[in-house]
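Listed below, chain by chain, are the residues.
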Amino acid sequence: MHLRPVLPFLLRASLLAGFITACDHAPPPREFNGAGAFTYLQTQVAFGPRIPGTEGHRRMAAWLDSTLAGRGDTLLVQSWGHVTARGDTLQLRNYLVRFNPGAEERVLFLAHWDTRPRADGPGSRDSTLPVPGANDGASGVALLLGVADALKRVPPKAGVDLLFVDGEDYGDFVKHPDDVLIGSKYFAQHLPPGAQPLYAVLWDMVGGKNLKIFQEGNSLLGAPEVVDLVWKGARQAGHGDVFVSSPGYTLIDDHVSLQKVGIRAIDVVHFYPDYPYWHTPDDTIDKVSAESLQAAGDVAMVLLRK
Ligand SMILES: [Zn+2]
């Protein structure tokens, strides 16, 4: 994802005031298995960088093909060729795991599964290296897979869609905006049949140690009631210390692609400089933890059991 200028101060202050509320309920029973989800993260990192057009990407796609089959009630795969600004054709795939595909009331969770070809972030020591993507890529996928496991054990009452998008991080966000967020844009133009989600949550970089999630600017502008819902869920899950009720960065990320077609989508993201390894060669397995996945996963499950 890419950084945008922050919200005007007055707007931030008024939003902040509205979101500070107390919660004195005990946390619900824990359904999400953070340690189990962490093994999904390790598996992805072991493939090497998952850059479209590379062997790591092909191995990751093959793993998703087999891992996602039978996870939900249906699996929908979108497969297409994307021609880049340089004229290369990338073979890309989105995966949609659906629970209760006929349900009118549904929630969409998404994450990207590809990783960035160049470590060109502000904290990078070498921009010619690829990003390993332990957090930026693998963590969101691990969270969705952990959620799928919990829903397999106890099926949800409402409809739930888990979307794994490709090509989020391929190109230059400024010079070649058609070469980023590719999978979420494709999905937005090819929505699955049936009812559209009441809301959507993008889980991006949710595995970093010392996880701190501020409220993202385009989420506050585009779907403030969803931000409110998710941060209330975080307090209910006992993770009000991780989900900080104040505005942080403003980002161009996959949630914006969905907002553009009318879906109430927000971004849950631990960003630079709070996660200093963003778009660096050091976004590696030692920078992420099962505890962080646990916190984000607990919040995800609270939302789905509402
Ligand atoms: Zn990224």
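For every chain, the first residue of the written sequence is number 1, and numbering continues from 1 along that sequence. In keeping with the model being predicted, local features are shown solely for residues with a pLDDT of at least 70 and side-chain atom pairs are shown and tallied solely at 80 or more, while totals for entire chains, interfaces and linings include all residues. Where side-chain values are given, they derive from all heavy atoms of the structure, hydrogens and water being excluded.

Draft legend 1. Inspection of helix 2 (residues 34–46) at higher detail. Think of it this way: any DSSP run of H or I at least four residues long counts as a helix, any run of E at least two long counts as a strand, and we number them from the N terminus. One fewer than the residue count of a helix, multiplied by 1.5 Å, yields its expected span. The end-to-end C-alpha distance of helix 2 is 19 Å, a good match for the 18 Å that 13 residues give at a rise of 1.5 Å each. Any residue under 20% of the maximum accessible area for its type is buried, any over 50% is exposed, and the rest in between are partly exposed; the area is computed with a 1.4 Å probe on protein chains only. Among the residues making up helix 2, those that are buried are Gly34, Ala37, Phe38, Tyr40, Leu41 and Gln44. All buried residues of helix 2 project into a common sector of 155° when viewed along the axis, lining one side. The elements touched by buried residues of helix 2 are helix 3 (55–68), helix 4 (138–153) and helix 9 (290–304). Any pair of N or O atoms that falls within 3.5 Å is considered a polar contact. Within protein, one atom must be able to donate a hydrogen and the other to accept it, and sequence-neighbouring residues count only if both atoms are side-chain atoms. One side-chain oxygen at the N-terminal end of helix 2 lies 3.2 Å from the backbone nitrogen of Ala35; it belongs to Asn33. This arc describes the spread of directions from the helix axis toward the C-beta atoms. We call two residues in contact when some of their heavy atoms are within 4.5 Å.

Draft legend 2. How the structure looks around the layout of surface pockets. Space inside the largest pocket adds up to approximately 270 Å³. Of all the elements in the fold, those that place two or more residues in the lining of the largest pocket are strand 5 (159–165) and helix 9. Charged residues are taken to be Asp, Glu, Lys and Arg, nonpolar residues to be Ala, Val, Leu, Ile, Met, Phe, Trp, Tyr, Cys and Pro, and polar residues to be all remaining types, Gly included. Classifying every residue of the lining of the largest pocket by side-chain character gives 11 nonpolar, one polar and four charged. In this analysis, the protein atoms alone were mapped onto a 1 Å grid. Cavities are point sets where a 1.4 Å probe fits without being able to get out; pockets are open sets with protein on both sides within 12 Å along at least five of seven lines; lining residues have an atom within 4 Å of a point. Grid points are joined across faces, edges and corners, and a volume is the space filled by probe spheres set on the points.

Draft legend 3. Here's a closer look at empty space enclosed by the protein. Within the structure shown, the criterion is met by one cavity of 30 Å³ or more. Space inside the largest cavity adds up to approximately 40 Å³. In this structure, the largest cavity is lined by Leu96, Arg98, Leu108, Asp161, Phe187, Leu191, Pro192, Ala195, Gln196 and Pro197.

Draft legend 4. Summary view of the side chain of Asp114. Along the chain, the position of Asp114 falls in the loop between strand 4 (106–112) and helix 4. Buried and without a salt bridge, Asp114 has Arg116 as its closest oppositely charged side chain, separated by 7.4 Å. Here the side chain of Asp114 touches Gly167 through a polar contact of 3.3 Å, landing on its backbone nitrogen. Among the polar contacts made by the side chain of Asp114, one reaches the main-chain amide nitrogen of Asp169 at a distance of 2.9 Å. When neighbours within four sequence positions are excluded, Asp114 is seen to be in contact with Arg50, Pro52, Asp136, Gly137, Val165, Asp166, Gly167, Glu168, Asp169 and Tyr170. In this charge count, Lys and Arg are treated as positive and Asp and Glu as negative; neither His nor the chain ends contribute. Salt bridge criterion: a side-chain nitrogen from Lys or Arg within 4 Å of a carboxyl oxygen from Asp or Glu.

Draft legend 5. Quick look at the confidence of the model for the protein. Note on scores: pLDDT gives the predictor's confidence for each residue, bounded by 0 and 100. Mean pLDDT over the protein stands at 93; residues scoring 70 or higher make up 93%. Between residues 5–23, whose pLDDT stays under 50, and residues either more than four places distant or in other chains, the model counts 26 contacts.

Draft legend 6. Quick look at the pattern of salt bridges. Applying the stated criterion to the full structure yields 14 salt bridges. Put simply, Asp228 and Lys232 hold a salt bridge, and the shortest N to O gap is 3.4 Å. With Asp228 and Lys232 both in helix 7 (residues 224–236) and four residues apart, the pair spans about one turn of that helix. A relative accessible area of 21% means that Asp228 is categorised as partly exposed. Connected through salt bridges with shared partners, the residues Arg98, Arg106 and Asp161 form a single ionic network.

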